[in-house]
Amino acid sequence: MRPRNCLKAPPEDPCDRPVPLNLWAWTLWKLEVDEGLRSVLAVTRRVLLAIAALLLVVGGGAAFALLRDRRPGAPAATVALVWQKVVPGGDCQCADGSEFSFWDRPADPAKVVLFLNGGGVCWDVRMCGFESTDSAGENDFYNWSQESAEAPADHQAGFFDLSRADNPFRGYSIVYVSSCTGDAHLGNAAQKLSPTLTVQHRGYVNGTAALDYLTKHYPNATEVVVIGKTAGSIAAPIYGGLVADRLPHARVTVLGGQSGAWPDNPDLNTTVLDKAWGAYAAVPAWAVNGLAARDWGVPRFWVQAARHAPRLVLARFDYAADPHAASEVAAWIPGSLTAMVDANETAIEAAGVTMHSYTAPGDGHGVFESDDFYDLDVGDVRLPDWLKQLISGNPPSDVRP
């Protein structure tokens, strides 16, 4: 059964649409042209900023604000971009049935990042229990609620330092989707594991609600980058194909960060993707394309997405020996992680798919929230420079240690 749309917004009245924020910037400029109005400008500016701060772009009961910084001495082009929480409601929920939300940071409406955050995975009673360890709503395997989840604005380094000139995503609008369902943004099933434990694996329902929001609020996007981090990168190619369906005129790039070692194993595919998460039945028909559940593994997601949307630019980032990136599926990985990453990429490219890759040495884990994002340099190729070229429409060569 396909998931229903979580965004239950009423039909839009054209008269209720907010005035584009760039009109306020134009109005300020127009007023400033006339020196005779400068005495009025101080009051007018404060009024316009107050109005801009209250402009609501409603999506399931949430909104965003774009504020221009006009403090004395501030550069005219300085813009403070505000993260705002979106609660889609409807069928969306976390693993324990609690409220699901995501975040929006509006900037350039033509360039958008869909960021699928990690959050761990689970599929049995040992892994999926709702007993917190270090933080509320989390155990050692996954986040089962958003009770203690951090907002993206709490991160001020790496990808999230959007003030740095060398951040390739500076100026992009960002829709940030956390995982609290243990299914890598893929599931649509209620898994009853004991009389007292039923897990709502609704990651695909939640993720596509965020995608609905993105396509509604950025309908004229010409460039969309789908970034998946750790467990969030497993479904990245499928979401890339979904973006290509909804925004057919946009150039879509997919970056999977650190799931390159997830194997295509019949037992894993059947036990986890199909039976536990319900992903096999949830995703669109093109993502399966006639394959039996046992043959539908994570590396094949890239192949199916490329065949469905040949214009997709597909790429991955991995540390060569990250012990955490595939720890949950270690029982299904023969040999070393590095060998598994290489074997998966070989299989994907043997199917006729171009996979751009950046492999870093060592056993690091996570790169987006730290300044390793800028410091990482392999063969004199910095990761941010490689990514900038990747999204430019002229993809770079592969990077390996």
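Calculation notes
- Residues numbered from 1 in each chain as written.
- Predicted model: local features only at pLDDT ≥ 70, side-chain atom pairs only at ≥ 80, totals over all residues.
- Heavy atoms only, no water.
- Helix = DSSP H or I, 4+ residues; strand = E, 2+ residues; numbered from the N terminus.
- Buried < 20%, exposed > 50% of the residue type's maximum accessible area, 1.4 Å probe, protein only.
- Contact = heavy atoms within 4.5 Å.
- Areas by Shrake-Rupley, 256 points an atom, 1.4 Å probe, with all protein chains shown as cover.
- Salt bridge = Lys/Arg side-chain N within 4 Å of Asp/Glu carboxyl O.

1. Some details on the overall build of the protein
Along its length, the protein carries twelve helices and 14 strands. Burial statistics for the protein: of 401 residues in total, 52% are counted as buried. Excluding contacts between residues fewer than 6 apart, the proportion of contacts in the protein whose partners are at least 24 apart in sequence is 70%. Put simply, the protein shows about 17300 Å² of open surface, and 54% of that area lies on carbon and sulfur atoms.

2. Let's talk about the pattern of salt bridges
The full count for this structure, using the stated rule, is twelve salt bridges. We note a salt bridge from Glu 345 to Arg 316, for which the minimum N-O separation is 2.6 Å. Taken as a pair, Glu 345 in helix α10 (residues 337-350) and Arg 316 in strand β11 (residues 313-319) lie far apart in primary sequence, 29 residues in all. Among the residues examined, Glu 345 registers a relative accessible area of 4% and is labelled buried. Judged by its relative accessible area of 5%, Arg 316 is buried. The shortest N-O distance in the salt bridge between Asp 342 and Arg 400 comes to 3.3 Å. Residue Asp 342 is found in helix α10, and its partner Arg 400 is found in the segment after α12 (383-390); the two are separated by 58 residues along the sequence. The exposure class assigned to Asp 342 is partly exposed, which follows from its relative accessible area of 32%. Members of the salt-bridge network, linked through shared partners, are Arg 316, Asp 318, Asp 342, Glu 345 and Arg 400.

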